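# Observations on chain architecture
Spelled out from the first residue to the last, the chains are:
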Amino acid sequence: MKIARIWVLGLGLLLYAGAPLRADEVVIAAQYPLSGPMASYSGPFLKEGTEIAIQRINETKMLGEGRTLKVIIEDNAGDRNQAISLMNRFATSDNALAVLGVYGSYLSLPTAPVANELKVPFLAIAASPAIVQAGPWSFILIEQPDSSMKILSEYAADKLKVK
């Protein structure tokens, strides 16, 4: 629940700061594996979570009075080429202010350079540090393993007295 609140707050602040001042509707995009082998453990859940977050942002008027957030959600089917194609479409045709997803480093790594080339904020649901190294427009929404493992090992040693 704490992570969901941080995600909603972070997305809201990003959109509030980056949205055109006169836009009544701010458009973002998301791409998830809604079909294919990854769908059974990720896509539909991510879609539902995104829809709940958008609803909360709009209900609480996080973007200000009279402004709403719209999300375009598409299926990348867990396919790298489809993920890249969707990133291009979201940025050029749909004029999305930001793109959520892609799920996993496998899909996010080839998509991050495209987001940076197009100068569209890309919030990847992945942990590879190479995603943020692609440029200033790429971000990861999962803590990197090296920092989380350090915290877990300190907790195990200090609190649980594991040797």
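My aim in this report is to walk through the structure given alongside it, one point at a time.

Reading the values: the criteria
- Residues numbered from 1 in each chain as written.
- Predicted model: local features only at pLDDT ≥ 70, side-chain atom pairs only at ≥ 80, totals over all residues.
- Heavy atoms only, no water.
- Core = buried A, V, L, I, M, F, W, Y, C linked by side-chain atoms within 4.5 Å.
- Buried < 20%, exposed > 50% of the residue type's maximum accessible area, 1.4 Å probe, protein only.
- Helix = DSSP H or I, 4+ residues; strand = E, 2+ residues; numbered from the N terminus.
- Contact = heavy atoms within 4.5 Å.
- Patch = residues over 30% accessible without salt bridge, like charges linked within 9 Å, V, L, I, M, F, W, Y side chains within 5 Å.
- Areas by Shrake-Rupley, 256 points an atom, 1.4 Å probe, with all protein chains shown as cover.
- Salt bridge = Lys/Arg side-chain N within 4 Å of Asp/Glu carboxyl O.
- Pairing = 2+ DSSP bridges.
- Axes fitted to C-alpha atoms, helices over the stretch in contact; angles between N-to-C directions.
- Phe/Tyr/Trp six-rings, centres within 6.5 Å; stacked < 30°, edge-to-face > 60°.
- Lys NZ or Arg CZ within 6 Å of the ring centre and 35° of its normal.

## Observations concerning the nonpolar core
Ranked by size, the top nonpolar core spans 22 residues in total, and within it Ala 29, Met 87, Phe 90, Val 99, Phe 122, Ala 124 and Ile 131 carry the most contacts. At the level of elements, strand S1 (25–32), helix H3 (80–92), strand S3 (99–103), helix H4 (105–118) and strand S4 (122–125) are the ones that each hand at least two residues to this core. By residue number, the principal contributor to this core is H3, which donates five residues. Ala 29 has contacts with Val 71, Ile 72, Phe 90, Ala 96, Ala 98, Val 99 and Leu 100, leaving out every residue within four places of it along the chain. Of all hydrophobic cores here, the second largest spans 14 residues; its members include Ala 30, Ile 54, Leu 63 and Leu 69.

## As for a nonpolar patch on the surface
A surface patch of nonpolar side chains, amounting to about 310 Å² of accessible area, comprises Tyr 155, Leu 160 and Val 162. Within the secondary structure, Val 162 is located in the segment after helix H6 (145–158).

## Considerations on the sheet that holds S1
Within the open sheet, the five strands sit side by side as S2-S1-S3-S4-S5. Their pairing is parallel. In this open sheet, the two edge strands, each paired with only one partner strand, are strand S2 (68–75) and strand S5 (138–140). Adjacent strand axes in the sheet meet at a mean angle of 20 degrees when their direction is disregarded. With eight bridges joining them, S1 and S2 adopt parallel strand pairing. Note that in S2 the partner of Tyr 32 across the bridge is Asp 75.

## Here we look at the packing of aromatic side chains
As enumerated under the stated definition, the model contains one aromatic pair in all. Relative to Tyr 103, the ring of Tyr 41 has its centre 6.2 Å away and its plane inclined at 65 degrees; by these criteria the two rings are edge-to-face. With Tyr 41 in the loop between S1 and helix H2 (43–59) and Tyr 103 in strand S3, the pair connects residues that are 62 residues apart, well separated along the chain. A cation sits over an aromatic face here: Arg 80 above Tyr 106, 4.1 Å from the ring centre.

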